[in-house]
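This is what each chain is made of:
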Amino acid sequence: MNVFTVDHELCRKDGICALVCPVHIIDAEPGDYPVLDKHKAAYCLGCGQCMAFCPTLACTAPGLAREDCRPLSGQDMPTARQADELAFSRRSVRNFKDKTIPRQELEDLLAAVRFAPTAKNTQNLRWILLESRERVVQLAELVVAWMRELPRIDPALDEAMHAGGLVRAWDRGVDVITRTAPQLAVVVAPQWRWGQPDAVIAATYLELLAQARGIGCCWGGYLCMAFEHPAAQDVRNFLGLGEGEMAFAAQMMGYPRFKAHARPPRKNAHITWK
């Protein structure tokens, strides 16, 4: 692992790097250059907080390269009103154009989603992208096959999710599982304490960043129920999950067939002030 380095010509000895370090391993006495003991370096998360908050880009965290730390462009930041409008305009899209999103556009989108936070900066999420409607249908068919078995293997879940009605709709040619989405993204994480919240956060980032690019998304709730059910092994096999992995979130994706023109009302925020 690379050591913690400080450019003495750039450093202002302000101690900000030590204050923002989440594990408090940087020592910075007032008026001195910050240092990181080599024994403490083992506890570094590699999050880059010290680099991000240094006004002069003077320090480099262990394992990271200064040339990969790019300055933020304040002029590209949306205003609060613009950010609000992005959130207001997001809709769950269930009607898609018969048009696939180019791979390069998906790669650019997921490159931005990388900056979604993960617990302890593990960055251990994996994405599975179904790139065609044919592949999406294959996954949906496996989920429907699992639903057909629910009355026998899990009657309580069958009744709770009204699986019988979903299966009948599918048999009539109505896709209520993947909503005719041309593409689909699945978030995979290790089966550890923070795997599911990390995946859900990343899927939420994906949805908002996709909205900014004119791409519609919809959470695949029925897919997620199958991912986690012990009897849906065929679904997990189709995804190619490895040992100790779990698919925790899914987003149906595509270009929206229709455009939203208004934001429907929502309940007032339920807040307890203390």
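Check the entry above for the structure.
Anyway, here's the lowdown on the structure attached to this text. (Residues numbered from 1 in each chain as written. Predicted model: local features only at pLDDT ≥ 70, side-chain atom pairs only at ≥ 80, totals over all residues. Heavy atoms only, no water.)

**Some thoughts on helix H5 (residues 133-153)**
The end-to-end C-alpha distance of H5, which contains 21 residues, comes to 30 Å, matching closely the 30 Å that a straight helix rising 1.5 Å per residue would cover. Every buried residue of H5 is listed here: Val-136, Leu-139, Ala-140, Val-143, Val-144, Trp-146, Met-147 and Leu-150. On the buried face of H5, the contacting elements are strand S3 (126-130), helix H6 (155-161), helix H7 (163-171), strand S4 (183-190), helix H9 (221-228) and helix H10 (233-239). (Helix = DSSP H or I, 4+ residues; strand = E, 2+ residues; numbered from the N terminus. Expected span 1.5 Å × (residues − 1). Buried < 20%, exposed > 50% of the residue type's maximum accessible area, 1.4 Å probe, protein only. Contact = heavy atoms within 4.5 Å.)

**What to know about the pairing of strand S6 (residues 245-254)**
Within S6, 9 of the 10 residues are buried, which leaves it mostly tucked inside the rest of the structure. Alignment of S4 against S6, held across 8 bridges, turns out to be antiparallel. Note that in S6 the partner of Val-187 across the bridge is Ala-249. (Pairing = 2+ DSSP bridges.)

**Points about helix H8 (residues 195-212)**
Its 18 residues give H8 an end-to-end C-alpha distance of 26 Å, which sits within 8% of 26 Å, the value for a rise of 1.5 Å per residue. Among the residues of H8, those classed as buried are Gly-195, Asp-198, Ala-199, Ala-202, Ala-203, Leu-206, Glu-207 and Ala-210. Elements that come into contact with the buried residues of H8 comprise helix H4 (103-113), S3, S4, strand S5 (216-219) and S6. Two residues or fewer after H8 comes Gly-214, characterised by a positive phi angle close to 80°.

**Some points on the sheet that holds S5**
With antiparallel pairing, 4 strands are arranged side by side in an open sheet as S3-S4-S6-S5. A strand with exactly one partner marks an edge of an open sheet, and here the two such strands are S3 and S5. If you compare each strand with its neighbour and ignore which way they point, the axes differ by 30° on average. By the bridge criterion, 5 bridges tie S3 to S4 in an arrangement that is antiparallel. Across the sheet, residue Arg-126 finds its bridge partner in S4, namely Val-188. Where H8 meets the sheet, it contacts S3, S4, S5 and S6, and its direction lies at approximately 10° from that of S6. (Axes fitted to C-alpha atoms, helices over the stretch in contact; angles between N-to-C directions.)

**Concerning the pattern of salt bridges**
Considering all chains together, one arrives at 9 salt bridges under this definition. A salt bridge links Arg-66 to Asp-7, with the nearest nitrogen and oxygen atoms 3.5 Å apart. Here the residue Arg-66 occupies a position in the loop between strand S2 (59-60) and helix H3 (80-89), and Asp-7 occupies one in the loop between strand S1 (5-6) and helix H1 (16-20), the gap between them amounting to 59 residues. In this structure, Glu-131 and Arg-103 form a salt bridge, with 2.4 Å as the shortest nitrogen-oxygen distance. Of this pair, Glu-131 sits in the loop between S3 and H5 while Arg-103 sits in helix H4; the two residues are 28 residues apart in sequence, bridging distant segments of the chain. Overall, the relative accessible area of 33% leaves Glu-131 in the partly exposed class. (Salt bridge = Lys/Arg side-chain N within 4 Å of Asp/Glu carboxyl O.)

**With respect to unusual backbone geometry**
Although it is not a glycine, His-24 adopts a positive phi angle of roughly 55°. Note that His-24 resides in the loop between H1 and helix H2 (49-53). Phi at His-162 is positive, roughly 55°, even though this residue is not glycine. Topologically, His-162 is positioned in the loop between H6 and H7. Under the relative-accessibility criterion, His-162 is labelled exposed at 59%.

**Remarks on the packing of H4 against H8**
Where H4 contacts H8, the two axes come as close as 9 Å, and the packing angle between them is 130°. Taken together, the axes of H4 and H8 lie oblique to each other. Crossing of H4 against H8: the hand is right-handed. Here H4 contributes Leu-109, Leu-110, Ala-112 and Val-113 to the contact with H8, which in turn contributes Ala-202, Tyr-205, Leu-206, Leu-209 and Ala-210. Grouping the amino acids of the contact of H4 with H8 by side-chain chemistry returns 9 nonpolar, no polar and no charged. (Parallel < 35°, antiparallel > 145°, perpendicular 65-115°, else oblique. Left-handed = near helix turned anticlockwise from the far one by under 90°. Nonpolar A, V, L, I, M, F, W, Y, C, P; charged D, E, K, R; others polar.)

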